Structures are given as structure tokens and as C-alpha cells.
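The chain contents come next:
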Amino acid sequence: MTRTARFITVEGLEGAGKTTVLNAIEAQLRASGVDLITTREPGGTSLGEDIRELLLGHKHDGMADDTELLLMFAARAEHLHKVIRPALDRGQWVLCDRFTDATYAYQGGGRGIDMARIETLERFVQGTLRPDHTFLLDLPVKQGLDRAAGRSEPDRFEKQREAFFDAARATYRARAQAEPGRFRIIDASRDLNGVLAQLQASVSALLDEELGA
Ligand code: Z5A
């Protein structure tokens, strides 16, 4: 049985319940003996967290779409260099809260940036590295926004109109359809117990596939 390090990402719209789901995946992987680190984007490094503040805060509300895109990839370059690649090289699995699928969804779908330009940056920054498995928490936009309402002061993304999130969701779903081997879609519209039950089965299947456990 070969234990090759795996790169797992979790994606989803606002209010999808990513935080709860990430904790559940981490617990299940650790309980199965997987050595892993958890991290997030944008962020995951000291410089990346500073970039996150620029991206999510309101100091630069009129930021150009291309600037936003390049800042996402600048944070990602640092993250890959300092955290993700070293962990994978050590044999640790990496569980990451969002990655480049979010760039396709939000900057590509939401902002309308040409996907081919995102692909160019993806190749430049990541080379051939792509996530091995991606959990997509899918739910209707309105339901997610209702759940997220009432949290702290909305960040720069949370202030976008519903059409922005509709386009992001459509992009996520199209990507999942195009890569069924990588994506596992979790129905995040269900109550938390329902979500966690589907998730547990999905993580078990992933572990079977990877570890033959
Ligand atoms: N972004 C980008 O544009 N491009 C990129 O390349 C990357 C990111 C990497 C920050 O991400 C922003 O960055 C993000 C996209 C952009 N903006 N948006 N939107 P983030 O991941 O840090 O931020 P977030 O999307 O706001 O996620 P979050 O706060 O970590 O989690 P969440 O999915 O919104 O869910 P939650 O906080 O776990 O749950 C929300 C509420 O719903 C909470 O009260 C829960 O108790 C409740 N909840 C959760 N699940 C359920 C169920 N099943 N039933 C009932 N209630 C529930």
C-alpha cells in the first residue's frame, strides 16, 4: 500500500458551511491515520494573509478586476512555495480551504475575466500541480446568502449582487461536470446532519480509493 501525499481542496459559495465541512474532513482523515496540514486561500502564509486583507477589506473597494486576479495568484505563488509544495514533498496531505477553482468561479464567472487568461496564470504559478480531489459544496445562491446574512460586516466579496454568485455557482458546476473524477459534489442545501452524512460517505470512498482502507 503506497501512501502518496494528496492535495485536497474544498470549494463552495457563501453560506455553504465550508468551515464545518473542513473540520469534519480533517477529523475523518486524521482518524484514518493520514498525516495532513490544513490551510486556506487567499492566505496560508504571512504575506498571503496580508494580501487577503487587501482583497477582502474595503480599503480598495474600486480595485480593478485584473488587480484582484493577480493578487489572488500572488498569494497562491507564495502559498505554493512556502506551504503546499513543501508539505506534499514531506509526504503530508494538504487540505486547503479554496484554491484555483475559486478563481475560475469568482474572477472568471463572477467578474467575467476571460478563462483563458486564468489558465495562463494557473500554468505560470502552479506548473502542473492541480488538486487531486475537490469537494464542492453546492447550494442555491439565495439559500447561501440567507444563511450568511447576519454574520459580521460583509467583506468585499460578500457585498456582490446575486448575479455575481449565480455566475460563480454556474462556473463551479460546469467545472465539476467537466472533471467528475476530481470533484465530489456535496448537497449543501440539506440540514447539517444530512450534509455531514453525505460528506462522511464521500470521504470514506476517497480513503478507499487512496489507501485501499
Ligand atoms: N476568493 C476569490 O474570489 N478567488 C479566489 O481565488 C479565492 C477566494 C481563493 C473569501 O473566502 C473570499 O475569497 C470568498 C471568495 C474569494 N468570498 N466569497 N464569497 P472564504 O472562504 O474565506 O469566505 P467565505 O466564502 O465567506 O467562507 P466561510 O466564511 O469560511 O464559510 P461558509 O461556507 O460561508 O460557511 P460557514 O461560516 O461555515 O456557514 C455559514 C452559516 O451557515 C453559519 O452560520 C453556519 O452555522 C450556517 N450553516 C452552515 N451549514 C449549514 C446547514 N447545512 N444548514 C443550516 N445552516 C448551516
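Refer to the preceding data block for the structure.
The structure contained in this document is the topic of the report that follows. All figures in this text were calculated on a predicted structure; none of them were measured in a lab. (Residues numbered from 1 in each chain as written. Predicted model: local features only at pLDDT ≥ 70, side-chain atom pairs only at ≥ 80, totals over all residues. Heavy atoms only, no water.)

## Some words on the site of the ligand
Around the ligand, the surrounding shell holds 28 residues, and the nearest of these are Glu14, Lys18, Arg52, Arg98 and Thr103. Arg52 places a side-chain nitrogen or oxygen 2.6 Å from an oxygen atom of the ligand. The contact in question runs from an oxygen atom of the ligand to an N or O atom on the side chain of Arg98, over 2.5 Å. Considering the ligand on its own, with 1,100 Å² of exposed area, one finds that the protein chains cover 82% of that surface. Because more than half of its atoms lie within 2 Å of the grid, the ligand is assigned to the largest pocket. Among the secondary structure elements, those contributing two or more residues to the shell around the ligand are α1 (18-31), α2 (46-56), α3 (65-90), α4 (100-110) and α8 (192-211). For the shell around the ligand, the element with the most residues is α4, which contributes 4 residues. By residue class, the composition of the shell around the ligand is 11 nonpolar, 5 polar and 12 charged. (Near = heavy atom within 4 Å. Polar contact = N/O pair within 3.5 Å; in protein donor to acceptor, adjacent residues only side chain to side chain. Areas by Shrake-Rupley, 256 points an atom, 1.4 Å probe, with all protein chains shown as cover. 1 Å grid on protein atoms, 1.4 Å probe; cavity = no way out; pocket = protein on both sides within 12 Å on 5 of 7 lines; lining within 4 Å. Sits in = over half its atoms within 2 Å of the grid points. Helix = DSSP H or I, 4+ residues; strand = E, 2+ residues; numbered from the N terminus. Nonpolar A, V, L, I, M, F, W, Y, C, P; charged D, E, K, R; others polar.)

## Quick notes on the side chain of Thr100
When you line up the elements, Thr100 lands in helix α4. A distance of 2.5 Å separates polar atoms of two side chains, one belonging to Thr100 and the other to Gln126. Those residues in contact with Thr100, other than ones at most four positions away along the chain, are Glu11, Phe73, Arg76, Glu122 and Gln126. (Contact = heavy atoms within 4.5 Å.)

## A look at the layout of surface pockets
In this structure, the largest pocket encloses a volume near 690 Å³. Around the largest pocket sit 29 residues that line it, and Glu14, Lys18, Arg52, Arg98 and Glu158 are the ones nearest its centre. At the level of secondary structure, the elements contributing two or more residues to the lining of the largest pocket comprise α1, α2, α3 and α4. For the lining of the largest pocket, the element with the most residues is α4, which contributes 4 residues. Here the lining of the largest pocket is built from residues that sort into 10 nonpolar, 6 polar and 13 charged. (Points joined across faces, edges and corners; volume = space filled by probe spheres on them.)

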